[in-house]
Amino acid sequence: MRLLDTLPKIKATPMHAEIKQCVPQEAELWPYLESHSGNKASTEGDNLEQTVQRSVSRHKWRWPKKPICFIGDPHADAEAFIASLVASGCVIRTGAGTCEFRLTKQGRDTVFVIGGDCLDKGPSNLELLRALRHLMKQSRRVKLLAGNHDVRLLMGIRTLALKPHPTTEHLFVRMGDKVLPLLKEIQQHYLNGKASLKGIPDEDECRRRLFPSDNWFEAFPVAAAHYMGEAAIERELKRMRKKVDSFEEACTHEGLSLREVYAIAQTCRALFLKKKGEFAWFYREMQLAYRKGSFLFVHAGLDDRISETLEHKSVKHLNRAFKKQVRHDLFRFYFGPLANTMRTKYRAADLPLTEQGVERVNRAGIHAVVHGHINRTQGQRLAIKKGLLHIESDVTLDRNSRHKEGLTGYGVGLTLIKPERYVIGISNDYPKAKVFRPESCL
């Protein structure tokens, strides 16, 4: 097989000329350099080859019967998202509009896994959501994973309808100033009339409903003691002191009064949580994890408790638990192992994944975790985390993150899992497509 044959074909039309120019037209075997692969010895003493060899000592790699296209962390950049779909060979643009694209023959046979963090950063949350919905209407094979940015909004707007309690009443302000661009976007599209604040309480009452109560800092450690250790509780208190002190000022800086913020939050609830809301499908379709063959797709990573569930139960069990907890027990969800799956960076503060946990995952037949959450600036990266192979696939798509990283324009990138037994990483920030064949490690 020639490496060039692994690349998806982009139909040559004027609409696609820019995309074809910016994505690699040649392929190479995945380089085991630090920027592309965590090939140096891990803390467990294994390099990449040894990790793959150990994982297959119990089970052979199982590959999906249909190609899988993973796009991670689009972060409200619809152009980057659509360009990545086009670069996969699965989509053809039919016009310049957000929803002017259709599936190719290849696209109709492909499973699309959207790796979470569709919201925040920008430039347009609403356009990204509409582009995603258009894809979902065309294909039944779209799997939407939960990202920490997405669930943060869900928790913040859901808590406003709950009876105040120390474990949840801080969750709106906990979103911090990162949510304000989205709130302003909602305001501009849905609340620009003179009657937009009709029925909204005065500023003091809105502050009371949005912010945690005066005694929250004393009540929270008691209420959280059963779920969190002292160090974790102290970190949460420290984080909230900063956000309580800065949130209203950040709103003012964005030109938003607390009355406007509260009105926007109620509109968000109607759009995202009401049965007939325009974006009600977003959280309804969302799942925590997806598995096919030896590949597990999540937003961030694993810990020992999730590994135990994967060995003894199933991914379906995880997804059912996710749906139940975000609906009925927000606090237990956000500070437990389910949310760790979309938040972990394997720091000391995160729930741990140990050697025993990795063994459970391998016994379950999972050899690789495909995820986003950690943005990379030279395309996808293979990494050994706690002795488990991870395919890092957040390739910095949105233009605001790219600006901060010193990158130009919007990103184009995707990770393909091919039934022909290889993984291919495509990014406009690396001159060649990276091809990983696990058999090359054996």
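Not measured: the values here are computed from a predicted model.

A. The side chain of aspartate 73, seen in detail. Looking at where aspartate 73 falls in the secondary structure, it is placed in the loop between strand E2 (68-71) and helix H3 (78-87). Although aspartate 73 is buried, it makes no salt bridge; lysine 121 carries the closest opposite charge, 6.6 Å away. A distance of 3.1 Å separates the side chain of aspartate 73 from the backbone nitrogen of histidine 373, its partner in a polar contact. Residues within four places of aspartate 73 in sequence aside, it is in contact with Gly116, Asp117, His299, Gly372, His373, Asp394 and Leu397.

B. The arrangement of the side chain of threonine 167 in detail. Structurally, the position occupied by threonine 167 is in the loop between helix H6 (148-158) and helix H7 (171-174). By relative accessible area, threonine 167 is classed as buried at 11%. Side-chain polar atoms of threonine 167 contact the side chain of histidine 165, separated by 2.9 Å. Setting aside residues up to four positions removed in sequence, threonine 167 forms contacts with Ala223 and Phe331.

C. Region of the structure containing the sheet that holds strand E1 (residues 27-29). A sheet is described by the order of its strands in space; here eight strands give the open sequence E1-E15-E14-E13-E2-E5-E6-E7, paired in mixed fashion. In this open sheet, the two strands that pair with only one neighbour each are E1 and strand E7 (286-287). Where strand E14 (residues 422-427) lies against strand E15 (residues 433-436), three bridges are found, and the strand directions are antiparallel. Pairing of glycine 425 across the sheet is with lysine 434, part of E15.

D. Region of interest: helix H10 (residues 216-224). Burial in H10 covers these residues: Trp216, Phe220 and Ala224. One side of H10 carries all its buried residues, which in axial view fall inside an arc of 45°. Turned more than 90 degrees away from the buried face of H10 sit Glu218 and Val222, all of them exposed. For H10, the secondary structure elements touched by its buried residues are helix H11 (230-253) and helix H16 (330-334).

E. Quick peek at helix H15 (residues 315-328). The end-to-end C-alpha separation of H15 is 20 Å, in line with the 20 Å expected for 14 residues at 1.5 Å each. The residue sitting at the N-terminus of H15 and contributing the capping side-chain oxygen is serine 314; that oxygen lies 3.4 Å from the backbone nitrogen of lysine 316.

F. View of the environment of glycine 116. Along the chain, the position of glycine 116 falls in the loop between strand E5 (111-114) and helix H5 (125-138). Residues glycine 116 and aspartate 150, spaced 34 residues apart in sequence, show a C-alpha to C-alpha distance of 7.2 Å. Once you skip the residues sitting within four places of it in the chain, glycine 116 turns out to touch Gly72, Asp73, Pro74, Leu145, Ala146, Gly147, Asp150 and His299.

G. Expanded view of the pattern of salt bridges. If you walk through the whole model with that rule in mind, you get 18 salt bridges. Close ionic contact of lysine 385 with glutamate 392 constitutes a salt bridge, the shortest N to O distance being 2.8 Å. Exposure remark for glutamate 392: the relative accessible area of 1% places this residue in the buried category. Three or more residues joined by partner-sharing salt bridges are found here, namely Arg376, Arg381, Lys385 and Glu392.

H. Spatial organisation of the sheet that holds strand E8 (residues 290-292). Strand order across the open sheet formed by five strands is E8-E9-E10-E12-E11, with mixed pairing between neighbours. In this open sheet, the two edge strands, each paired with only one partner strand, are E8 and strand E11 (381-385). Recorded for the sheet is a direction-independent mean angle of 35° between the axes of neighbouring strands. Looking at chain direction, E11 and strand E12 (residues 388-394) are connected through five bridges and run antiparallel. Bridging across to E12, isoleucine 384 finds its partner in leucine 389.

I. A look at the pairing of E12. In terms of burial, E12 is a largely internal element, seven of the seven residues being buried. Here E12 shows two buried faces, one formed by Leu388, His390, Glu392 and Asp394 and the other by Leu389, Ile391 and Ser393. As defined by bridge partners, strand E10 (residues 368-375) adjoins E12 across five bridges and the pair is classed as parallel. Its bridge partner being in E12, asparagine 375 is matched across the sheet by aspartate 394.

J. Region of the structure containing the confidence of the model for the protein. Mean pLDDT over the protein stands at 91; residues scoring 70 or higher make up 94%. Confidence over residues 41-45 falls short of pLDDT 50; this stretch has six contacts with residues more than four positions distant or in other chains.

K. Looking closely at the pairing of E11. Burial runs high along E11: five of the five residues are buried. Taking the residues that link successive antiparallel strands as the turn, the E11-E12 hairpin has two residues, and the phi of lysine 386 there is positive, at about 60°.

L. Fine view of a positive patch on the surface. Together, Lys275, Lys276, Arg284, Lys323 and Arg327 line one region of the surface with positive charge. Tracing the backbone shows lysine 276 in the loop between helix H12 (258-272) and helix H13 (280-285).

M. Region of interest: the nonpolar core. Counting 115 residues, the largest nonpolar core has Phe81, Leu132, Phe272, Phe282, Leu302 and Phe333 as the members making the most contacts within it. Contact partners of phenylalanine 282, with chain neighbours within four places excluded, come to Cys118, Leu119, Leu129, Leu132, Leu144, Asp150 and Phe272. Membership of the second largest hydrophobic core comes to 22 residues, among which are Val52, Trp61, Val111 and Leu382.

N. Region of the structure containing the packing of helix H14 (residues 304-312) against H15. At a minimum axis separation of 8 Å, H14 and H15 run at an interaxial angle of 125°. Classified by the angle between their axes, H14 and H15 sit oblique to one another. The residues of H15 that touch H14, namely those facing Ile306, Thr309 and Leu310, are Val315, His317 and Leu318. Residues that form the contact of H14 with H15 fall into these classes: four nonpolar, two polar and no charged.

Cut-off values and rules
Residue positions within a chain follow its written sequence, with the count starting from 1. Restriction of local features to residues with pLDDT of at least 70 applies here, the model being predicted, together with a cutoff of 80 or more for giving and counting side-chain atom pairs; totals for whole chains, interfaces and linings are based on all residues. Excluding hydrogens and water, the side-chain figures rest on all heavy atoms present in the structure. Strands here mean DSSP runs of E at least two residues long; helices mean DSSP runs of H or I at least four residues long; both are numbered from the N terminus. A 1.4 Å probe rolled over the protein chains alone gives each residue an accessible area, and that area as a share of the maximum for its type sets the label: buried under 20%, exposed over 50%, partly exposed in between. By the counting scheme adopted, Arg and Lys are positive, Glu and Asp are negative, and His together with the chain ends is not counted. Counted as salt bridges are all cases of a side-chain nitrogen of Lys or Arg within 4 Å of a carboxyl oxygen of Asp or Glu. Two N or O atoms count as a polar contact when they lie within 3.5 Å, although within protein this holds only if one can serve as hydrogen donor and the other as acceptor, and sequence-adjacent residues are included solely when both atoms are side-chain atoms. The contact rule is simple, with two residues in contact once any of their heavy atoms fall within 4.5 Å. Only when DSSP finds a minimum of two bridges between them are two strands counted as paired. The reported arc concerns the directions from the helix axis to the C-beta atoms and nothing else. In a helix, the anticipated span is given by 1.5 Å times the number of residues less one. The angle between two axes is taken between their N-to-C directions and runs from 0 to 180 degrees, where each axis is a line fitted to C-alpha atoms and a helix contributes only its stretch in contact. Confidence of the predictor at the level of single residues is given by pLDDT, which spans 0 to 100. A residue counts toward a patch only above 30% relative accessible area and without a salt bridge, and it is joined to like-charged neighbours within 9 Å or, for Val, Leu, Ile, Met, Phe, Trp and Tyr, to nonpolar neighbours within 5 Å. The method behind every accessible area is Shrake-Rupley, applied with a 1.4 Å probe, and residues are considered shielded solely by the protein chains displayed. Where a charge lies is defined by one atom per residue type: Lys uses NZ, Arg uses CZ, Asp uses CG and Glu uses CD. Note on terminology: a nonpolar core comprises buried Ala, Val, Leu, Ile, Met, Phe, Trp, Tyr and Cys residues joined through side-chain atoms within 4.5 Å. Angular relationships are summarised with four words: roughly parallel below 35 degrees, roughly antiparallel beyond 145, roughly perpendicular across 65 to 115, and oblique for the angles in between. Three classes are used, and their members are as follows: Ala, Val, Leu, Ile, Met, Phe, Trp, Tyr, Cys and Pro are nonpolar, Asp, Glu, Lys and Arg are charged, and the others, Gly among them, are polar.

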